[in-house]
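Each chain, letter by letter, is given below.
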Amino acid sequence: MKSLYALPLALALACGAAVAGPNDPSTFDATPYKPQKALYDFNFARPMDAKPAFGYIKNHLQALKQYGDVKNSHIVIVAHGNELHAFSRLNRAAYPGMYEELKALADAGVTIRVCSNAARSRGYKPDEFYDVVTVVPAAVIEMPKWQNEGYSYMYAEWFPRLTREEIVKQHPELQLQ
């Protein structure tokens, strides 16, 4: 009896899929997200590369506010690259506004960790970072600790964004709508 219904259902689904094409619009899924635990790995070449990467975390928090459960979610940053220079209170004059960025994230509930090995190899002592930062023994043991607690690994590599307008300039065959 089941096979009697299976064939017409399969045909109906196949016909529907065949009608869809490359000019049909995409859909938007606003299904609410459950609480999230995310671990962001910061390991940047230049000290100020962390600042645009904060945009990922701000977007993550905003998306959780709009579509998820920000109150029961948690984000952790583990920093072990040259961004450490900008996280040090000794360098505030060279990296203005960095403390305020870090503080805003911390105030939003983000935990910020710095690898002591990375700090030491760059000439810093554990107490030479901003008060919103916690120095931990090593990034290589800190990251698995959070992953073992169920945190998803996120790498916040940033790069210049291309807009649709820029793509259209590169590809004149496209039309800007």
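Here, the structure is the one placed above.
A. Fine view of the overall build of the chain. A count of helical and extended segments in the chain gives 7 helices and 5 strands. Sequence-ordered secondary structure for the chain, helices as α and strands as β, is α-β-α-β-α-α-β-α-β-α-β-α. The 177 residues of the chain split such that 34% are buried. Of the contacts formed within the chain by residues at least 6 apart in sequence, a portion of 74% connects residues at least 24 apart. In the structure as shown, the chain presents an accessible area of about 11,500 Å², 57% of it carried by carbon and sulfur atoms.

B. Structural view of the sheet that holds strand S4 (residues 133-136). With parallel pairing, the 5 strands of this open sheet are ordered in space as S4-S3-S2-S1-S5. Where the open sheet ends on each side, the last strands, each with one partner, are S4 and strand S5 (152-155). If you compare each strand with its neighbour and ignore which way they point, the axes differ by 30° on average. Summarising the sheet, strand S2 (residues 74-79) and strand S3 (residues 111-115) pair through 4 bridges and their orientation is parallel. In the sheet register, valine 76 faces S3, and the bridge partner there is threonine 111. Packed onto the sheet, helix H6 (residues 139-148) meets strand S1 (37-42), S2, S3, S4 and S5 and runs at close to 165° relative to S2.

C. Summary view of the pattern of salt bridges. Summed over all chains, the structure comprises 6 salt bridges. If you follow the salt bridges from partner to partner, you end up with Arg113, Glu142 and Lys145 in one network.

D. Region of interest: the nonpolar core. Ranked by internal contacts, the top residues of the largest apolar core, which has 39 residues, are Phe42, Phe54, Ile57, Ile77 and Phe87. Elements represented by at least two residues in this core include exactly S1, helix H2 (50-67), S2, helix H3 (84-87), helix H4 (98-107), S3, helix H5 (116-121) and H6. Not counting chain neighbours up to four residues away, the residues in contact with phenylalanine 42 comprise Ala50, Ala53, Phe54, Ile57, Ile77, Val78, Ala79, His80, Gly81, Glu83, Phe87 and Ala156.

E. Expanded view of the pairing of S4. Where S3 lies against S4, 4 bridges are found, and the strand directions are parallel. Across the sheet, the residue bridging to isoleucine 112 is valine 133, located in S4. The β-α-β motif built from S3, the intervening H5 and the parallel element S4 has right-handed crossover chirality.

F. Geometry of the side chain of arginine 113. Mapped onto the fold, arginine 113 is located in strand S3. Arginine 113 sits in the buried class, given a relative accessible area of 16%. Polar contacts involving the side chain of arginine 113 include one to the side chain of glutamate 142, which spans 3.2 Å. Sequence-distant contacts of arginine 113, that is, excluding residues within four places in its chain, are made with Val76, Ile77, Val78, Ala79, Thr134, Val136, Glu142, Lys145 and Trp146.

Basis of the calculations
- Residues numbered from 1 in each chain as written.
- Predicted model: local features only at pLDDT ≥ 70, side-chain atom pairs only at ≥ 80, totals over all residues.
- Heavy atoms only, no water.
- Helix = DSSP H or I, 4+ residues; strand = E, 2+ residues; numbered from the N terminus.
- Buried < 20%, exposed > 50% of the residue type's maximum accessible area, 1.4 Å probe, protein only.
- Contact = heavy atoms within 4.5 Å.
- Areas by Shrake-Rupley, 256 points an atom, 1.4 Å probe, with all protein chains shown as cover.
- Pairing = 2+ DSSP bridges.
- Axes fitted to C-alpha atoms, helices over the stretch in contact; angles between N-to-C directions.
- Salt bridge = Lys/Arg side-chain N within 4 Å of Asp/Glu carboxyl O.
- Core = buried A, V, L, I, M, F, W, Y, C linked by side-chain atoms within 4.5 Å.
- Right-handed = clockwise from strand over helix to strand, strands pointing away.
- Polar contact = N/O pair within 3.5 Å; in protein donor to acceptor, adjacent residues only side chain to side chain.

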